[in-house]
Amino acid sequence: MTTLLENKTKMDLQQEYSRIEQLRDCLNEVLKGKADVIDNVVICLLSRGHLLLEDHPGLGKTMLAKALATLIGGRFARVQCTPDLLPSDITGFNIFNQKTHEFEFREGPVFSDIMLADEINRATPRTQSALLEAMAERQVTVDAVRYQLSKDYFVIATQNPIDQHGTYPLPEAQLDRFSMKLSIGYPDELDEIRILAAAIDQESDAATEMEPVFNEKELLEMQQKIAAISVAESVQRYLVQIGNATRKHPHVTLGLSPRGLLTWQRVAQAHAFLNQRNYVIPDDLLETALPVLSVRLGVDQSENRTLIEEILNSVKLPEYALPSSN
């Protein structure tokens, strides 16, 4: 009986790994030549986090978000953030129905599975804060009534690193709600040629014509399984020591918070799962350090990589023994 159960578990895992690979392949077709970015997007989704993309316009951020929503069988919503955007434009509002003589709630774009908040730093602080409860609690409160959002609610927010005129920098409290900050970057010459070739005689949006790889229930089950992946005490101690190093560094304005440590641990668990392991090793932390720490250290983007490497090098790697079985 034990052997049969073990074989079934292994078969289920192989099916999940195969579908994750299918998800990555589809996203790599949408965002050509950016396999490392795609892997981090998938990790962010599986860890139930939120993603901040800081990059130039026209690099495929909207197409990526739409494709991801299609592939998980979810609803997609896009908000173009501007200074006149109101909190109710995001959360929803009550409207009086003259036929029934009652107020009815009209849902805002947060009632989706994948929400793209484009140029989030162009929205006012009041509107930005409307996302806080939604991102942290997956719920919104309107006129003292609480509404639950989708269990797999996932925010992809973008901001332009160049044009800062008329923008409102995100406060640290909101930045800490994002699991990762990524930069897509321009594709190389061969990939740009592939993009041009694929656009010939293309009548519709390819991102919305894909078949779903998961449904909501399957994705939630996988996220729960990832949250249960083993993390040894020595690895957790190493993570805490890195957190302390960020708080003591003279060039860091705001060190890693306990919430940041929890987020990083969940990201490391998802990274381990993508590498077909049911336990976290120190490399899972090291390989996700840049996108996780970039969003929460409060330093200039150009200094991130050097500073993060300096912090990681200041902490001794833990002595770690691999589990006896996977």
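Residues numbered from 1 in each chain as written. Predicted model: local features only at pLDDT ≥ 70, side-chain atom pairs only at ≥ 80, totals over all residues. Heavy atoms only, no water.

K.L.:
Help me out: how do you make sense of helix H5 (residues 125-137) in this one?
P.N.:
Residue pairs spaced three or four apart in an α-helix point in one direction, given the helix's 3.6 residues per turn. Relative to the 18 Å expected for 13 residues at 1.5 Å per residue, H5 spans 19 Å between its end C-alpha atoms, a close match to the ideal helical length. The set of residues buried in H5 consists of Thr-127, Gln-128, Ala-130, Leu-131, Ala-134 and Met-135. Projected down its long axis, H5 shows its buried positions confined to an angular sector of 145°, all on one face. For H5, the exposed residues lying more than 90 degrees away from the buried face are Arg-126 and Glu-137. Among the structural elements, helix H4 (87-91), strand S5 (114-118), strand S6 (139-142), strand S8 (154-159) and helix H6 (172-175) are those in contact with the buried residues of H5. One or two steps after H5, the chain reaches Arg-138, where phi turns positive at roughly 55°. (Helix = DSSP H or I, 4+ residues; strand = E, 2+ residues; numbered from the N terminus. Expected span 1.5 Å × (residues − 1). Buried < 20%, exposed > 50% of the residue type's maximum accessible area, 1.4 Å probe, protein only. Arc of directions from axis to C-beta. Contact = heavy atoms within 4.5 Å.)

K.L.:
How do you make sense of the nonpolar core when you look at a structure like this?
P.N.:
One broad trend across soluble globular proteins is that nonpolar side chains are buried collectively. Leu-27, Leu-46, Leu-51, Leu-68, Ile-156 and Trp-264 are the most contacted members of the largest nonpolar core, which has 65 residues in total. Filtering out sequence-adjacent residues up to four positions away, Trp-264 remains in contact with Leu-239, Ile-242, Leu-256, Leu-285, Thr-288, Ala-289, Val-292, Leu-293 and Leu-312. (Core = buried A, V, L, I, M, F, W, Y, C linked by side-chain atoms within 4.5 Å.)

K.L.:
Before we go on, may I ask you to explain the pattern of salt bridges in this structure?
P.N.:
Any two side chains of opposite charge can pair, on the condition that their charged atoms come close. In total, this model carries 13 salt bridges according to the counting rule given. Between Arg-277 and Asp-284 there is a salt bridge; the shortest N-O distance is 2.8 Å. Take Arg-277: its relative accessible area is 13%, and that puts it in the buried class. Relative accessible area serves as the criterion here: at 0%, Asp-284 is assigned to the buried category. Here the salt bridges do not stand alone but share partners, grouping Glu-21, Arg-24 and Asp-39 into one network. (Salt bridge = Lys/Arg side-chain N within 4 Å of Asp/Glu carboxyl O.)

K.L.:
How do you make sense of the environment of Ile-226 when you look at a structure like this?
P.N.:
When you line up the elements, Ile-226 lands in helix H8 (residues 216-227). Among the residues examined, Ile-226 registers a relative accessible area of 0% and is labelled buried. For Ile-226 and Thr-82, which are 144 residues apart along the polypeptide, the C-alpha to C-alpha distance reads 37 Å. Those residues in contact with Ile-226 that lie beyond four places of it in its chain are Leu-46, Gln-269, Ala-270 and Phe-273.

K.L.:
Would you take a moment to explain the sheet that holds S8 for this structure?
P.N.:
Strand order in this open sheet of 5 strands is S2-S5-S8-S1-S9, and the pairing throughout is parallel. Looking along the sheet, the strands with just one partner apiece sit at the ends: strand S2 (76-80) and strand S9 (180-182). This sheet shows a mean twist of 20° between the axes of neighbouring strands, independent of strand direction. Two elements, strand S1 (residues 51-54) and S8, share 4 bridges in a ladder whose sense is parallel. Bridging across to S8, Leu-52 finds its partner in Ala-157. Packing against the sheet, helix H2 (residues 35-46) makes contact with S1, S8 and S9, and its axis sits at approximately 160° to S9. The sheet strands contacting helix H3 (residues 61-71) are S1, S2, S5 and S8, and the helix crosses S5 at an angle near 170°. (Pairing = 2+ DSSP bridges. Axes fitted to C-alpha atoms, helices over the stretch in contact; angles between N-to-C directions.)

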